[in-house]
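Structure at a glance
Each chain, letter by letter, is given below.
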Amino acid sequence: MEVAESAVIDAPREAVVAVVDDPQTQVRVTPALTGIADVRQKPDGGRRMLYGYGVFGLVFTGALETTTYDPPERIVFAMTGDLAGEIRWTFESVTEDRTRFTYAASYDLSQFPLGRLFRPVVRLVNRRELRRAVENTRRLAESGGQTERDGADDRIDPQLA
């Protein structure tokens, strides 16, 4: 299952990349992200990290690892664990100070016995989540990352082993 959301953000590509490529701000971007831990830098600049994602009162856990790390063009993550799939962020300059940001995700629901049955609900929930994440990215990038704190910093522990 594939979902994607996109928006034009009044900020240069580098500013948009800076928002989503930092685990400290990523927990502020993605509302259902319950936490990020064990953040490890890869030689290419990408990262590997553990995640928690809450939906329908359940928390799914697993790992995210960049498979393509090519900012300011794109960043792609493989997602393994309770949720399997791929997350893709692309950044396209519209003008020097405006960026089209696209957040796309594909999920493998075959591991869930009723995945096929719940596909429409999962698509709706994920589309809403991506829309909120894109809007949060827009707000943070356009404000230079300055918004009121929401306790999101409590959801990241880069030193957790």
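Scroll up a little and you will see the structure.
A few words on the pairing of strand S1 (residues 2-9). What you see with S1 is a clean split: Val3, Glu5, Ala7 and Ile9 sit on the buried side and Glu2, Ala4, Ser6 and Val8 on the side with no burial. As judged from the eight bridges shared by S1 and strand S7 (residues 98-107), these two strands associate in the antiparallel manner. By the bridge assignment for S7, Ala7 is matched with Phe101.

Across all of its chains, the model carries one cavity of 30 Å³ or more by this definition. As a volume, the largest cavity reaches approximately 280 Å³. Lining the largest cavity are 24 residues; nearest its centre among them are Gln26, Leu33, Leu64, Ile87 and Tyr103. Residue assignment for the lining of the largest cavity shows that the elements contributing at least two residues are helix H2 (23-29), strand S2 (33-41), strand S3 (47-55), strand S5 (74-81), strand S6 (85-95), S7 and helix H3 (115-142). With four residues, S3 is the single largest residue contributor to the lining of the largest cavity.

This part is about the nonpolar core. Of all hydrophobic cores here, the largest spans 40 residues; its most connected members are Ile87, Trp89, Phe91, Phe101, Tyr103 and Tyr107. Examining the composition of this core, we find that seven residues originate from one element, H3, more than from any other. Ignoring sequence-local partners within four residues, the contact set of Phe91 consists of Arg13, Val16, Val17, Val20, Pro72, Glu73, Arg74, Ile75, Thr99, Arg100 and Phe101.

Looking at the secondary structure, you find Glu135 in helix H3. A relative accessible area of 35% places Glu135 in the partly exposed class. Along the chain, Glu135 and Val29 lie 106 residues apart, while their C-alpha atoms are 8.2 Å from each other.

In this section: the side chain of Asp21. By the secondary structure assignment, Asp21 is in the loop between helix H1 (13-20) and H2. Only 2.4 Å separates the side chain of Asp21 from the side chain of Tyr69, close enough to count as a polar contact.

As a further point, take a nonpolar patch on the surface. Together, Phe56, Leu58 and Val121 make up an exposed nonpolar region whose accessible area comes to about 290 Å². Examined against the element boundaries, Leu58 turns out to sit in strand S4 (residues 58-70). For Leu58, a relative accessible area of 48% gives the class partly exposed.

Here we take up the side chain of Glu5. As for its position among the elements, Glu5 is in strand S1. Those residues within four positions of Glu5 in sequence are excluded, and the remaining contacts are Phe101, Thr102, Tyr103, Arg127, Leu130, Arg131 and Val134.

So, about unusual backbone geometry. Cis peptide bonds are those with omega within 30 degrees of zero, and the linkage from Pro71 to Pro72 qualifies with 10°. The topology assignment puts Pro72 in the loop between S4 and S5. With a phi angle near 50°, Asp38 is a residue other than glycine that sits in the positive phi range. Residue placement: Asp38 occurs in strand S2.

With that settled, consider the packing of aromatic side chains. Each pair of aromatic rings is reported with the distance of its centres and the angle of its planes. In the structure shown here, the tally under the stated rule is four aromatic pairs. Relative to Phe101, the ring of Phe91 lies with its centre 5.5 Å away and its plane at 25°, an arrangement referred to as stacked. Of this pair, Phe91 sits in strand S6 while Phe101 sits in strand S7, and the two are 10 residues apart along the sequence. By relative accessible area, Phe91 is classed as buried at 2%. When its relative accessible area of 0% is taken as the criterion, Phe101 is described as buried.

Scoring rules and cut-offs
- Residues numbered from 1 in each chain as written.
- Predicted model: local features only at pLDDT ≥ 70, side-chain atom pairs only at ≥ 80, totals over all residues.
- Heavy atoms only, no water.
- Buried < 20%, exposed > 50% of the residue type's maximum accessible area, 1.4 Å probe, protein only.
- Helix = DSSP H or I, 4+ residues; strand = E, 2+ residues; numbered from the N terminus.
- Pairing = 2+ DSSP bridges.
- 1 Å grid on protein atoms, 1.4 Å probe; cavity = no way out; pocket = protein on both sides within 12 Å on 5 of 7 lines; lining within 4 Å.
- Points joined across faces, edges and corners; volume = space filled by probe spheres on them.
- Core = buried A, V, L, I, M, F, W, Y, C linked by side-chain atoms within 4.5 Å.
- Contact = heavy atoms within 4.5 Å.
- Polar contact = N/O pair within 3.5 Å; in protein donor to acceptor, adjacent residues only side chain to side chain.
- Patch = residues over 30% accessible without salt bridge, like charges linked within 9 Å, V, L, I, M, F, W, Y side chains within 5 Å.
- Areas by Shrake-Rupley, 256 points an atom, 1.4 Å probe, with all protein chains shown as cover.
- Salt bridge = Lys/Arg side-chain N within 4 Å of Asp/Glu carboxyl O.
- Phe/Tyr/Trp six-rings, centres within 6.5 Å; stacked < 30°, edge-to-face > 60°.

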